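Observations on the model geometry
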Amino acid sequence: MTVYFIGAGPGDPDLITVRGLKLIQSCPVCLYAGSLVPEQIVAAAPADATVIDTAPLHLDQIIAEIETAHARGQDVARVHSGDPSIYGATAEQMRRLDRLGIPYEVVPGVPAFAAAAAALKTELTIPEVAQTIIVTRTTMQSSAMPNNEDLETLGKSGATLAIHLSIRNLREIERKLAPLYGDDCPVIVAYRVGWPDQAFIHGTLTDIAEKVRKAKITRTALIFVGRALAAGQDFRDSALYDADHMHVLRPGKKKQAEA
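Small disclaimer: the values here were computed from a predicted structure and weren't measured.

1. With respect to the sheet that holds strand β3 (residues 50–53)
- Judged by pairing direction, the sheet is parallel, and its five strands sit side by side in the order β3-β2-β4-β1-β5 without closing on themselves. A strand with exactly one partner marks an edge of an open sheet, and here the two such strands are β3 and β5 (104–107). Each neighbouring strand pair of the sheet contributes to a mean axis angle of 15 degrees, computed without reference to strand direction.
- Across five bridges, strand β1 (residues 3–7) lies against strand β4 (residues 76–80) in parallel orientation. Following the sheet pairing, G7 is matched in β4 by H80.

Shown next, in the form of structure tokens:
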């Protein structure tokens, strides 16, 4: 018996991995985060499978369902949104399973920031503009941020920020980041990425809060901040495909020059 923590992607049923889908189709027990995982994904479970929405359950209840499946020798598809490694609340579940001696595996999924960038047709790492992506959040009703992971510290990097779980904290984000990125720094709010009603709101650090307020978005949104978002066509090509750039997989130019 094995518990499979499966990343189902951000919302589009087509964005789950082949391996993740096959496990859902084969496991006799499926526990899924119903508030974030589309029903079309868990509809792939066997007709006689036990399928439980864990949204209304607390941790002890979820583990109890897994223990019941373990006693019966039944594999469990534990389906989370996005990728299980990012704000998935999987660590405490795995800690419990370690204590109980219940085996588990993790199947990665498409994270929301990657799906949003794809929908926007945007590369988040632009040569000489931004070469770092920081995935973070702000302190609201969840646990406090660790020391040195506050926005003022992270923002000093100038990196592209992908800020989760913070849509109701936009004024605080503006206050902390405007001195570092500039008032006119581009911001994109990605709402329900991968779902039929996905939406993107474009603005700057100074006007994005008002635009989001008018759109009445209060949850399930990701905030991008950074100059890479507005690089447009005005940036240098990367060295990767530069005709004058030699590397181990493209040594021809050097050999011709030596000849």
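Once the structure has been displayed, the description carries forward.
2. A closer look at the environment of Q131
- Relative to the assigned elements, Q131 resides in the loop between α5 (112–120) and β6 (133–137).
- Judged by its relative accessible area of 57%, Q131 falls in the exposed class.
- Sequence separation of Q131 and N169 is 38 residues, and the distance between their C-alpha atoms is 26 Å.
- Among residues more than four places away in sequence, those in contact with Q131 are T125 and I126.
- Within the structure, the side chain of Q131 is placed 3.2 Å from the backbone oxygen of I126, a separation counted as a polar contact.

3. Digging into helix α8 (residues 208–215)
- Within the span of α8, buried status applies to I208, A209 and V212. All buried residues of α8 fall inside an arc of 100 degrees around its axis, so they share one side. Structural note: α8 exposes R213 and K214 on the side pointing more than 90 degrees away from its buried face.
- Against the buried residues of α8 lie α7 (170–181), β8 (186–191) and β9 (199–204).
- Immediately downstream of α8, the backbone of K216 shows phi near 60 degrees, a positive value.

4. Looking at the environment of G158
- Of note, G158 is situated in the loop between α6 (151–155) and β7 (160–164).
- For G158, a relative accessible area of 33% puts it in the partly exposed group.

5. Re the packing of aromatic side chains
- All told, the structure shown has one aromatic pair when counted by the stated rule.
- Ring centres of F5 and Y104 lie 5.9 Å apart, and the angle between their planes is 85 degrees; on these two criteria the pair is classed as edge-to-face. With F5 in strand β1 and Y104 in strand β5, this pair connects stretches of sequence that are 99 residues apart.

6. Quick word on the state of the cysteines
- Going through the model one piece at a time under the given rule, you end up with zero disulfides.
- Its sulfur unpaired, C27 is 7.9 Å from the next cysteine sulfur, which belongs to C30.

The rules behind the values
- Residues numbered from 1 in each chain as written.
- Predicted model: local features only at pLDDT ≥ 70, side-chain atom pairs only at ≥ 80, totals over all residues.
- Heavy atoms only, no water.
- Pairing = 2+ DSSP bridges.
- Helix = DSSP H or I, 4+ residues; strand = E, 2+ residues; numbered from the N terminus.
- Axes fitted to C-alpha atoms, helices over the stretch in contact; angles between N-to-C directions.
- Buried < 20%, exposed > 50% of the residue type's maximum accessible area, 1.4 Å probe, protein only.
- Contact = heavy atoms within 4.5 Å.
- Polar contact = N/O pair within 3.5 Å; in protein donor to acceptor, adjacent residues only side chain to side chain.
- Arc of directions from axis to C-beta.
- Phe/Tyr/Trp six-rings, centres within 6.5 Å; stacked < 30°, edge-to-face > 60°.
- Disulfide = S-S within 2.5 Å.

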